[in-house]
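# Summary of structural features
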Amino acid sequence: MEKADIVIAGAALNGLAAAVALAGPKAIRPLDILVLDQADPTKFARDSFDGRASAITASSRRMLEALGLWDEIRVHAEAMREIIVTDAKPGAQARPALLHFGEEDHGGDASAFMVENRHLYGALLDMARASPAIRLMTNTRITAYRFGPGLARLATDTNEEARASLVVAADGRASPARKAAHIDTYGWSYDQVGIVTTVQHERSHRGRAEEHFLPSGPFAILPLPGNRSSLVWTERSQDAKRIMALDDEAFLAELARRFGGHLGELTVVGPRHAYPLSMQIAQSFVGERLALIGDAAHVIHPIAGLGFNLGLRDVAALAESISEAVKLGLDPGSASVLAAYERWRRFDTVMTAVATDGLTRLFSNDNPGLRAIRGLGLRAAGSVGALKGFFMREAAGETGRLPKLLQGEAV
Amino acid sequence: MTSVLNARSLDPAEIEKFSKIAAEWWNPKGKFAVLHVFNPVRLAYIKEQVTARFARDPFVRRPFEGLRFLDIGCGGGLLTEPMARLGADITGVDPSEKNIATARVHAEEQDLAIDYRAATAEDLADAGESFDVILNMEVIEHVTDPKAFVQTCARLLRPNGLIFIATLNRTLKSFGLAIVGAEYILGWLPRGTHQWEKFITPDELEAWLAVSGLKQLDRTGVTYNPFSGEWRRARDMDVNYMLVAQKPGN
């Protein structure tokens, strides 16, 4: 029987970040943490490039700094110095910029960084493995949960049993832990698929991120180190199926038509992924002896690149709620702690979800009337200082009451 | 540390019954909601004072390791369990057998080793027990002879030991807030929980401590902020207040 203060179900980015926040070398009162995953996260780290990348907003960067992870990640990160948003028909020669955000809008600081997920995994895994308070059990699937009242208990397919004050579910959008606790979700799917891949281009992107609102959905070009960019390319489900089935040459042709010729010749240098887009929010972020984080709690449209950052905000709020309780000798899995976490995160998440859903519905449509309205709307946003500041801070993750970790303070 | 009757010696039906009562004690929105909201402010005060007076590192998980605590009137263990988690070797006493059984079942569920006894402070003093820290939180206003009670606590205290007392002041304001407000208007507490006549002024308490040979080290008011929904330490001791006193060393 394994015993821990907290069991984390899932060793993907959010699960590892939660482990490091609660028990890493920078944690003020390290808790005893057990992390379980049916896969081995090592295979996502460093050498194996799987084509996935994340945007790190300013507050997420401060949190990674506070956890002692940023120095290692920074060397693999590309600063996003400029963001332009356009609204154009595919293949159109001219793409008038509706919105333009530069460093001058953000106090001279890069608003965000792009990092390939393998480097995030690498840094998080190193730190988790080095911490004496974190035990990582990989290739271990959790087969049963029993929640409360005093403790949560679970069983694994390797015939292990574990108990803890709290289970943190970082086990993804289909979250088995959430299902075991009978927490329903609401949401809808968009009949859209996000195609993710990586391209190399002849000319430098100069740290510029581009978001082109095409009729089928946003087409985002996000700068990576070297002359490379990560693409998040949204298509209607039917079209995505066709595009994913194309051979390399035809795939590149489709891609190039949307990308435009401004960065010269293009080569696809990473594998293709297709993610069906949906909006899903758990009806509660907590249950008895259970807290949901990341995709287990919410899956939002990737239009604004906020998914991973929203997960880090969960981690920061949960770590602070738990740390405040543990400082006073209170039970880290008690209903009071969980209620504090839920209050903190739910409003922020719902607001972000509603905002991105609204943007999606506004932009994924080729109706000329709508095109005119959104052109006006975004141009107004670009020219009105205060509103633009809000957009920038929202994209950089600085609205709402910030947990200490996101302000760069240890908990 | 083993008690005469631990939860394992209870029959399963009894355990289930007490487990249900325990769930009520620990429900932050249940009958004892006001205690849950009040708990952090008193826990923070105890932790701050004990770590400072016994020169303990407040940043470790178990700063109270090696200190023997007594929680008088422990109820379901709302204060006892946090002390155990902070490392205290703790005894919780309550005159109610039902409270003690409830507290035991909950501690078992949490894997906490706590010595719970259905007993009074007098029983322990007569048995010659002694403690480094005595917690007397929201208890003294319910006692028949509070002055004698303070003397009993002094007998239980080791040299340099600390006693914490939290209670309600006897003022017009406390009548309005603690009786009319909390019991009749807000319904935070069952009517009849408190008798205003039995409330104790800080000066009365300080005098009784002195008679018992204890020296008051610090005292503070505790007030409720209706906007944040939190209790905070404050200068205002008109209603709720807490204090810490020490028994002189040899």
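One can find the structure itself at the top, above this paragraph.
Let us look at the structure shown here.

Definitions and cut-offs
- Residues numbered from 1 in each chain as written.
- Chains lettered and ligands numbered in written order.
- Predicted model: local features only at pLDDT ≥ 70, side-chain atom pairs only at ≥ 80, totals over all residues.
- Heavy atoms only, no water.
- Buried < 20%, exposed > 50% of the residue type's maximum accessible area, 1.4 Å probe, protein only.
- Helix = DSSP H or I, 4+ residues; strand = E, 2+ residues; numbered from the N terminus.
- Pairing = 2+ DSSP bridges.
- Axes fitted to C-alpha atoms, helices over the stretch in contact; angles between N-to-C directions.
- Contact = heavy atoms within 4.5 Å.
- Salt bridge = Lys/Arg side-chain N within 4 Å of Asp/Glu carboxyl O.
- Core = buried A, V, L, I, M, F, W, Y, C linked by side-chain atoms within 4.5 Å.
- Polar contact = N/O pair within 3.5 Å; in protein donor to acceptor, adjacent residues only side chain to side chain.
- Disulfide = S-S within 2.5 Å.
- Phe/Tyr/Trp six-rings, centres within 6.5 Å; stacked < 30°, edge-to-face > 60°.
- Lys NZ or Arg CZ within 6 Å of the ring centre and 35° of its normal.
- Buried area = accessible area lost by both parts, 1.4 Å probe.
- Nonpolar A, V, L, I, M, F, W, Y, C, P; charged D, E, K, R; others polar.

All names here are of chain B. Across the seven residues of strand S8 (residues 240-246), six count as buried, placing the element largely inside the fold. Across seven bridges, strand S5 (residues 157-168) lies against S8 in antiparallel orientation. Counterpart to phenylalanine 164 in the pairing with S8 is valine 244. Here strand S6 (residues 215-225) pairs with S8 via seven bridges, running antiparallel. By the bridge assignment for S8, threonine 220 is matched with methionine 242.

Where strands meet in a sheet, backbone hydrogen bonds hold them as pairs that are either parallel or antiparallel. All names here are of chain B. Taken in spatial order, the eight strands line up as S3-S2-S1-S4-S5-S8-S6-S7 in an open sheet, and their pairing is mixed. The open sheet has two edge strands, strand S3 (115-117) and strand S7 (230-234), and neither has a second partner. Strand-to-strand, the axes of this sheet are offset by a mean angle of 20°, without reference to chain direction. Sitting on the sheet, helix H2 (residues 33-53) touches strand S1 (68-72), strand S4 (131-137), S5, S6, S7 and S8, and the angle it makes with S6 is about 155°.

All names here are of chain A. For the structure on display, the rule yields 33 salt bridges over all chains. Close ionic contact of glutamate 254 with arginine 257 constitutes a salt bridge, the shortest N to O distance being 3.9 Å. Here glutamate 254 and its partner arginine 257 are both found in helix H7 (residues 248-259), three residues apart, which amounts to about one turn of the helix. For glutamate 254, a relative accessible area of 15% translates into the label buried. As a salt-bridge pair, glutamate 254 and arginine 258 come within 2.7 Å of each other at their nearest N and O atoms.

Glancing now at the sheet that holds strand S3 (residues 53-57) of chain A. Residues and elements named next belong to chain A. Read across the open sheet, the three strands follow the order S3-S7-S4; overall the sheet is antiparallel. Here the strands that pair on one side only, and so sit at the sheet edges, are S3 and strand S4 (78-80). When the angles between neighbouring strand axes are averaged without regard to direction, this sheet yields 30°. In the sheet, S3 pairs with strand S7 (residues 112-116) via five bridges, with the strands oriented antiparallel. When the sheet's bridge partners are listed, alanine 55 is paired in S7 with methionine 114.

On to the nonpolar core. Core analysis: the biggest nonpolar cluster contains 85 residues, and Ile6(A), Ile8(A), Ile33(A), Leu69(A), Ile322(A) and Leu405(A) have the highest contact counts within it. For this core, the leading source of residues is helix H8 (residues 307-327) of chain A, giving ten residues. Contact partners of Leu69(A), with chain neighbours within four places excluded, come to Val20(A), Leu64(A), Ala123(A), Leu124(A) and Met127(A). Of all hydrophobic cores here, the second largest spans 33 residues; its members include Ala84(B), Tyr116(B), Val133(B) and Val222(B).

Residue and element names in this part refer to chain B. Structurally, the position occupied by glutamate 129 is in the loop between helix H5 (121-126) and S4. The exposure class assigned to glutamate 129 is buried, which follows from its relative accessible area of 19%. At a separation of 2.9 Å, a polar atom in the side chain of glutamate 129 contacts the side chain of arginine 68. Polar contacts involving the side chain of glutamate 129 include one to the side chain of arginine 117, which spans 2.9 Å.

This part covers the state of the cysteines. All names here are of chain B. One pass over the full model with this rule turns up zero disulfides over all chains. Looking at cysteine 74, it has no disulfide partner, and the nearest cysteine sulfur is the one in cysteine 153, 14 Å off. On the accessibility criterion, cysteine 74 (5% relative accessible area) is buried.

All names here are of chain A. One pass over the full model with this rule turns up ten aromatic pairs over all chains. Taken together, the aromatic side chains of Phe219, Trp233 and Phe251 make up a single cluster linked through ring pairs. Arginine 52 extends its terminal NZ or CZ atom over the ring of phenylalanine 44, reaching a point 5.5 Å from the ring centre. Geometry around phenylalanine 251 places arginine 272 over its ring, the cationic atom sitting 3.9 Å from the centre.

Right, let's get into the interface of chain A and chain B. Across the contact, 20 residues belong to chain A and 19 residues belong to chain B. Regarding the contact of chain A and chain B, the summed buried area is about 1500 Å², with carbon and sulfur atoms giving 55% of it. At the junction of chain A and chain B, the tally comes to three salt bridges. Among the ionic pairs, Arg61(B) bridges to Asp5(A), the shortest N-O distance being 3.0 Å. Along the contact surface separating chain A from chain B lie seven residue pairs in polar contact (both at pLDDT 80 or more). When contributions to the side of chain A that touches chain B are tallied by element, the ones reaching two or more residues are strand S1 (2-9), H8 and helix H9 (335-363) of chain A. For the side of chain A that touches chain B, the residue count by class is nine nonpolar, three polar and eight charged.

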